[in-house]
Amino acid sequence: MNNVSCALTIAGTDPSGGAGIQADLKTFQELQTYGMSVITSVVAQNTTGVTSVHHMPINMIEDQLEVIIKDMPIHALKTGMIANKQMMEIISKKIEKMDAPYVMDPVMVATSGDSLIDTEARSFLREYLLPQTALVTPNIPEAEFITGHSIETLEDMKDAAKHIVDHFNADAALIKGGHMKAEAVDFLYDGSAMHTFSAKRINTKNTHGTGCTYSAAITSYLAKGYSMVEAVQKSKDFVTAAISKSFELGYGNGPTNHWAIRER
Ligand SMILES: Nc1ncnc2c1ncn2[C@@H]1O[C@H](COP(=O)(O)OP(=O)(O)OP(=O)(O)O)[C@@H](O)[C@H]1O
Ligand SMILES: Cc1ncc(COP(=O)(O)O)c(N)n1
């Protein structure tokens, strides 16, 4: 099978299987994409929160990236948790070598409220990594940090999407409305048009890993050759189903269900 679509995730781990690398690989697999992963940090976390973090040495991150670049096709890639500036610098250099769309989930804080990247890294991500992206997928607090503006209304969300593309040279920005109160509505601005993706809000606390799952699904569909708008629409359907059938597992925010939609 040599026409397989190959997707790469560069992110931290979640041993409880709901977020991070584990969520990404489950999503790649579910969407019939060949999944590859580079681990940035090993995170001791579960549905209730993070207890400790071990960062991979920079040369180990570099080596993981280099073996993939030398040997494997990469049709699309995503990044999740990148904890510090040194990691971002090496990842940025390696992404330059990959001729593939890059989806950035600008992970800063877990659903549990635990911070996952340091302050210097937040700024570096905004100034240096954002211009490399085909798509960035901030939630409301992340979009507020990136733009420096508070977001309270749907109009504010659209303004944030435009601001990120216009000021930080991302090809496209998808502002996710999971943290808003009403409908679960997301806005995609691709430099020319604003697209709306809407779903009914599901009444559940089990949303651990939704951001990871959504961006991994988008990466899969881009790897398969879908347009950005098609990839986001199909991924919105995927993540909505994954939330609607999420698992009541653990004592905190349970994980989403990656096999809620079986696409064949
Ligand atoms: N309760 C919900 N019902 C339906 N859709 C939801 C719900 N919560 C989040 N979503 C959707 O899930 C996707 C992820 O959005 P969200 O804003 O929660 O991202 P995130 O904060 O990065 O994720 P996480 O909660 O994993 O940190 C978006 O499409 C959002 O609209
Ligand atoms: C390694 C890692 N990456 C990302 C998240 C964010 O996921 P969520 O906000 O859904 O908990 C996480 N908890 N852990």
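Before reading further, recall that the structure is shown in the block above.
All values derive from a computational prediction rather than experimental measurement. (Residues numbered from 1 in each chain as written. Chains lettered and ligands numbered in written order. Predicted model: local features only at pLDDT ≥ 70, side-chain atom pairs only at ≥ 80, totals over all residues. Heavy atoms only, no water.)

The next thing to look at is the nonpolar core. Judged by nonpolar contacts, the single largest core of 53 residues is most densely connected at Leu8, Leu77 and Ile91. It is helix H6 (residues 154-168) that provides the largest number of residues to this core, a total of six residues. Sequence-distant contacts of Leu77, that is, excluding residues within four places in its chain, are made with Leu8, Ile10, Ile95, Met98, Ala100, Pro101, Tyr102, Val103 and Thr219. Counting 24 residues, the second largest nonpolar core, distinct from the first, contains Phe28, Leu135, Leu174 and Ala223. (Core = buried A, V, L, I, M, F, W, Y, C linked by side-chain atoms within 4.5 Å. Buried < 20%, exposed > 50% of the residue type's maximum accessible area, 1.4 Å probe, protein only. Helix = DSSP H or I, 4+ residues; strand = E, 2+ residues; numbered from the N terminus. Contact = heavy atoms within 4.5 Å.)

Our focus in this paragraph is the environment of Ser92. Positionally, Ser92 belongs in helix H3 (residues 85-97). Ser92 sits in the buried class, given a relative accessible area of 12%. When the C-alpha positions of Ser92 and Asn3 are compared, they lie 27 Å apart, and in sequence the two are 89 residues distant. Excluding residues within four positions of it along the chain, Ser92 makes contact with Leu129 and Gln132.

All right, on to the site of ligand 1 then. Taken together, 17 residues lie around ligand 1, and Asn139, Lys176, His179, Asp186 and Ile202 are the ones closest in. For ligand 1, an oxygen atom lies 3.0 Å from a polar atom in the side chain of Thr210. In the environment of ligand 1, an oxygen atom lies 3.0 Å from a nitrogen or oxygen atom belonging to the side chain of Lys236. Compared with its free state, where it exposes 610 Å², ligand 1 has 93% of that area covered by protein. Elements represented by at least two residues in the shell around ligand 1 include exactly strand S9 (184-189), helix H7 (210-223) and helix H8 (228-244). Top element by residues in the shell around ligand 1 is H7. It accounts for three residues. Here the residues of the shell around ligand 1 are counted per class, giving four nonpolar, eight polar and five charged. (Near = heavy atom within 4 Å. Polar contact = N/O pair within 3.5 Å; in protein donor to acceptor, adjacent residues only side chain to side chain. Areas by Shrake-Rupley, 256 points an atom, 1.4 Å probe, with all protein chains shown as cover. Nonpolar A, V, L, I, M, F, W, Y, C, P; charged D, E, K, R; others polar.)

Across its 13 residues, H3 extends 19 Å between first and last C-alpha, which sits within 8% of the 18 Å expected from 1.5 Å per residue. Inspection of H3 places Met87, Met88, Ile90, Ile91, Ser92, Lys94 and Ile95 among the buried residues, and these make up the whole buried set. If you check the start of H3, you find a side-chain oxygen 3.3 Å away from the backbone N of Gln86, and it comes from Asn84. (Expected span 1.5 Å × (residues − 1).)

Let us look at the environment of Pro131. Here Pro131 lies in the loop between helix H4 (119-129) and strand S7 (135-136). Once residues within four sequence positions are removed from consideration, Pro131 is found in contact with Arg126, Phe168 and Asn169.

It is worth spelling out the site of ligand 2 at this point. Close to ligand 2 lie 14 residues, the nearest being Gly12, Gln45, Thr111, His208 and Gly209. Contacts to ligand 2 include Gln45, whose side-chain N or O atom sits 2.8 Å from a nitrogen atom. Gly209 is positioned with one of its backbone polar atoms (N or O) 2.6 Å from an oxygen atom of ligand 2. If ligand 2 stood free it would expose 350 Å²; the protein chains cover 93% of that surface.

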